[in-house]
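# Coordinate analysis (summary)
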Amino acid sequence: MAIITADRDRFPNTPWQLVETRHEPGDAGTLETLFSLGNGHLGIRGAHWAAADSDLPGSFINGLHEIWDIKHAENAFGFARTGQRILYIPDANNFTVIIDGETLSLAESEVLDYRRSVDFATGTYECRITWQCRSGASVTTTERRALGFASRGSLGISLQVAADRDVALDVTSSVINRQDQPVEDHSVHDPRRAGRHAGRVLLPLRLDGGDGSLRLAWEAAESKQRVGIAVDHWTSAGYQPFDTQVDQDDSSVRYVLAVSADEPFTLEKSVSYAAGRAIQDAAIDAAEVAEAGLRSVQDIFAESAAHFRDYWATSDIVVDGGSPELQQAIRWNLFQLAQATARAGVAGIPAKGVTGSGYEGHYFWDQEVYLLPYMTYTNPEGARQVLEFRHGMLPEAKIRAKELSVDGALFPWRTINGLEASAYYAAGTAQFHIAAAIAFATNRYLWATGDTAFRDGMGAELLIETARMWISLGFFGKDGLFHIHGVTGPDEYTAVVNDNLYTNVMARFNLRAAAALEHAGVSQEERQLWEAAANLMQLPFDDRMQVHSQDNDFMTLEAWDWTTPRSKYPLLLHFHPLVIYRHQVLKQADTVLAMFLQWQDFTAEEKQRAFDFYDPITTGDSTLSACVQGIMAAEVGYSKEALDHFTNAVFIDLDDTHGNTIDGVHIASTGGVWSSLVCGFAGLRDQGPVPYFDPRLPAEWNGLTFHLKIRGRLLLVQLDSGSLTLTVQEGETLEVDVRGQLLAVGAEPVRVALEPVSEPEPTVFPSGLPTASIPVVRGHS
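Reference entry: report on the structure contained in this document. (Residues numbered from 1 in each chain as written. Predicted model: local features only at pLDDT ≥ 70, side-chain atom pairs only at ≥ 80, totals over all residues. Heavy atoms only, no water.)

Another point: the overall build of the chain. Across its full length, the chain holds 17 helices and 35 strands. For the chain, the proportion of its 781 residues judged to be buried stands at 62%. In the chain, of all internal contacts separated by at least 6 residues, the share reaching a separation of at least 24 is 66%. For the chain, the computed accessible surface area is about 29300 Å², with 50% contributed by carbon and sulfur atoms. (Helix = DSSP H or I, 4+ residues; strand = E, 2+ residues; numbered from the N terminus. Buried < 20%, exposed > 50% of the residue type's maximum accessible area, 1.4 Å probe, protein only. Contact = heavy atoms within 4.5 Å. Areas by Shrake-Rupley, 256 points an atom, 1.4 Å probe, with all protein chains shown as cover.)

The subject of this paragraph is the layout of surface pockets. The volume enclosed by the second largest pocket comes to roughly 930 Å³. In this structure, the second largest pocket is lined by 34 residues; those nearest its centre are N62, G276, R277, V346 and A347. Mapped onto the lining of the second largest pocket, the elements with two or more residues apiece are β20 (265-275) and α6 (380-392). With 4 residues, the top contributor of residues to the lining of the second largest pocket is β20. (1 Å grid on protein atoms, 1.4 Å probe; cavity = no way out; pocket = protein on both sides within 12 Å on 5 of 7 lines; lining within 4 Å. Points joined across faces, edges and corners; volume = space filled by probe spheres on them.)

For the rest of this paragraph, the subject is the pattern of salt bridges. Side-chain pairs of opposite charge can arise whenever the charged atoms involved come near each other. This model, assessed by the stated rule, comprises 40 salt bridges. Close ionic contact of R739 with D694 constitutes a salt bridge, the shortest N to O distance being 2.7 Å. In this pair, R739 sits in the loop between β33 (734-738) and β34 (741-745) while D694 sits in the loop between β29 (692-693) and β30 (703-710), placing the two residues 45 residues apart along the sequence. Because the salt bridges share partners, they merge into one network encompassing D7, D9, R10, E20, R22, E24, D27 and R116. (Salt bridge = Lys/Arg side-chain N within 4 Å of Asp/Glu carboxyl O.)

Further remarks concern the side chain of N504. Position of N504 among the secondary structure elements: in helix α10 (residues 501-515). Discounting chain neighbours no more than four positions away, the residues touching N504 are I484, D499, M537, Q538 and L539.

Quick look at helix α11 (residues 524-535) now. The periodicity of an α-helix, 3.6 residues per turn, causes residues three or four places apart in sequence to face the same way. Counted at 1.5 Å a residue, the expected span for α11 with its 12 residues is 16 Å, and the 16 Å between its end C-alpha atoms agrees. When α11 is considered as a whole, its buried residues turn out to be E526, R527, W530, A533 and A534. In an axial view of α11, the angular spread of the buried residues amounts to 130°, which keeps them on one side of the axis. Exposed residues lying more than 90 degrees from the buried face of α11 are E525 and N535. Buried positions along α11 lie against α9 (452-473), β22 (475-476), β23 (482-483) and α10. (Expected span 1.5 Å × (residues − 1). Arc of directions from axis to C-beta.)

We now examine the sheet that holds strand β4 (residues 42-44). Here 3 strands make up an open sheet; going across it, the order is β3-β4-β5 and the pairing antiparallel. Among the strands making up the open sheet, the edge pair consists of β3 (37-38) and β5 (59-61). Where β4 meets β5, 3 bridges bridge the pair, whose relative direction is antiparallel. Directly across from G43, in β5, lies its bridge partner F60. (Pairing = 2+ DSSP bridges.)

In this section: the side chain of T670. With respect to the helices and strands, T670 occurs in helix α17 (residues 667-681). With a relative accessible area of 1%, T670 lands in the buried category. In terms of polar contacts, T670 uses its side chain to reach the backbone carbonyl oxygen of I667, at 2.6 Å. Among all residues touching T670, those that are not within four sequence positions of it are N333, Q336, L337 and V665. (Polar contact = N/O pair within 3.5 Å; in protein donor to acceptor, adjacent residues only side chain to side chain.)

Two measures define how a pair of helices packs: the angle their axes make with one another and the distance between the axes. Relative orientation of the contacting elements helix α5 (residues 366-378) and helix α8 (residues 434-449) amounts to 10°, with a least axis distance of 10 Å. One element, α5, and the other, α8, form an angle in the roughly parallel class. Helix-helix and strand crossings are classified by hand; for α5 and α8 the assignment is right-handed. The residues of α8 that touch α5, namely those facing E368, V369, L372, P373, T376 and Y377, are A437, I438, A441, R444, Y445, W447 and A448. Of the residues assigned to the contact of α5 with α8, the class counts are 10 nonpolar, 1 polar and 2 charged. (Axes fitted to C-alpha atoms, helices over the stretch in contact; angles between N-to-C directions. Parallel < 35°, antiparallel > 145°, perpendicular 65-115°, else oblique. Left-handed = near helix turned anticlockwise from the far one by under 90°. Nonpolar A, V, L, I, M, F, W, Y, C, P; charged D, E, K, R; others polar.)

All chains considered together, the criterion is met by 32 aromatic pairs. Ring geometry for W560 versus F575: centroids 5.2 Å apart, planes at 85°, classification edge-to-face. Placement of W560 in the loop between β26 (558-559) and α12 (577-581) and of F575 in the loop between β26 and α12 is noted, with a sequence separation of 15 residues between them. Three or more aromatic residues joined by ring pairs form one cluster here, namely W16, F120, F149, F308, Y311, W312 and F335. Directly above the aromatic system of Y125 lies the positively charged group of R145, at a separation of 3.8 Å from the ring centroid. (Phe/Tyr/Trp six-rings, centres within 6.5 Å; stacked < 30°, edge-to-face > 60°. Lys NZ or Arg CZ within 6 Å of the ring centre and 35° of its normal.)

This is the structure in structure tokens:
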């Protein structure tokens, strides 16, 4: 059921904010995700400060996790052994406010006015509530939050209490260890959701507090990772704490005072977290490291505002003529991209960023295929750091390759610490295509930046070791072609197949990219072998349908029963995997994605026929699908379908269309929104001789404007219904290809007239398999 678009009175359209004007029970957990804050390293969910008003509150640090031994019901060689799960770190966003003996909460108290927002322009969360207290007083509480960016472990919170008459105020500020709190188990029957640990996870190392300050540290029981937190409080008029309590699960600072009508009370809470390799040494006090990072609340708010001012100057994407609601949704998605990636450092980007525990906080291929395009063209330094993080996993990836009897490096399907954490190999380990995703992102980064140092070092290693994996995984068959068997492609509704088209196409790219390197570690014989495998790669094609087949056997599968009610979707929650695997049904775009990423390898007719065949049988059960389907629809010339898929993608979380936004933002989908605009409607294609544009602006829009950071330049792209205008705002002249016209773009705008793109006639395929028309004879019971 739609959330944001269903009630525009409650969630009004504001171009630079997400605003809620009325509290309603029932969707608190989803809204905690939508109102979350993050900086790529530290994240805090958008929960209300009162315990009674939160559903799944929490804070997270990227990569901070616990491990455990995976217990397989039926074991086999090479199965994943080490489970990993992101930790709920001790959470500082907790207050208890008591007015004249009444504990304020949205669940129990009378609310006169309510407004909360997250401001995209400043990164600030604000919630202002006016309460009608039972004592007769009218009291307004205003809470504001922001995260540091220069100081990425910092969180600033301010709480102001204002009354229309003298009141007695009792306010407690708490730090709660949520990891070891009992909560509803959201993992039952849904593999997308995170489980919880049975035993205690965070073991206290230091518990100190006094005079309104807290210095706390814990160590994870099994991973031995540590987290320290330092908290200082400041109050208006210099009020001293009534009490300071310290405990491993609930530490608090309490103030008891009288508040007059003419002097509101303000409590500022400065929080600093410390985690990571720097504090794993037993001699280092994590709380002391955190204490050194403390900043004033005002400084933290200023850091956040400064970061987003710079971010939006080159990362905003403006749609002219589209609906205001769509522009707001686009900015929310871009805001989430910034929050998931800005200060991640040399780390991965979890599937939910730092907004929730969904998918256990693991890193997937999502980051290379869906997030690194955005990062490469808006934050190239950040893109390099993610690739450095992958390179840091090479030792584990080489060990994993040996376990699966292949050469080179085999990266884990899902991981935090570099070890495979996917317990279901068919939809996990079998997705070898993650190797090509890493190689593809590496090649794109090198192409877009010209970073020769990375190319000659880490980049070359990533390309070479993945190529070695492919050449040993595949084989030259009796037909003389190179085959790759026993793999799962992006579409997890078709598992462990032979010659998955996407996998083979991307492996071919990987082999060619590695062969093109001039590197001392590659022999001429190895280079020739890679080139031969690439040139002879088997690409399944169905002669009857005249369309590329998703794999060797896909066209022989039974058609899915499309009368299946919508309540049975996503299929993975309602049907055994073997039922799904037997049918011609897709979780997400697979062949279509291959044709987008390797755009130069397929003709326009091949792309159209593939889209026409696969789009109707794609359920969209994956949030990674709509954006890709929209991009290819735009390229083919299906303007309506392109805009429909894009609109679906841009509202996936805002409307909770997949029913699991409570577990965190679908960060890869937000990256897909960026690609939909830049690669779909503006038609950018890269990794060719020069940047290439073939725009497909929807008829409903008047224009589209954005920037790209490419090869040391800042390129301004302005698209309208009849032309494309390009300007290099920083850097030297850049060669650009617009629909085959080669241009030298410099500081003066270059305008290219664009002819309208006609919509082609859709392909009409034979109606089903040859046996589809045979009547079904059912026996009588």
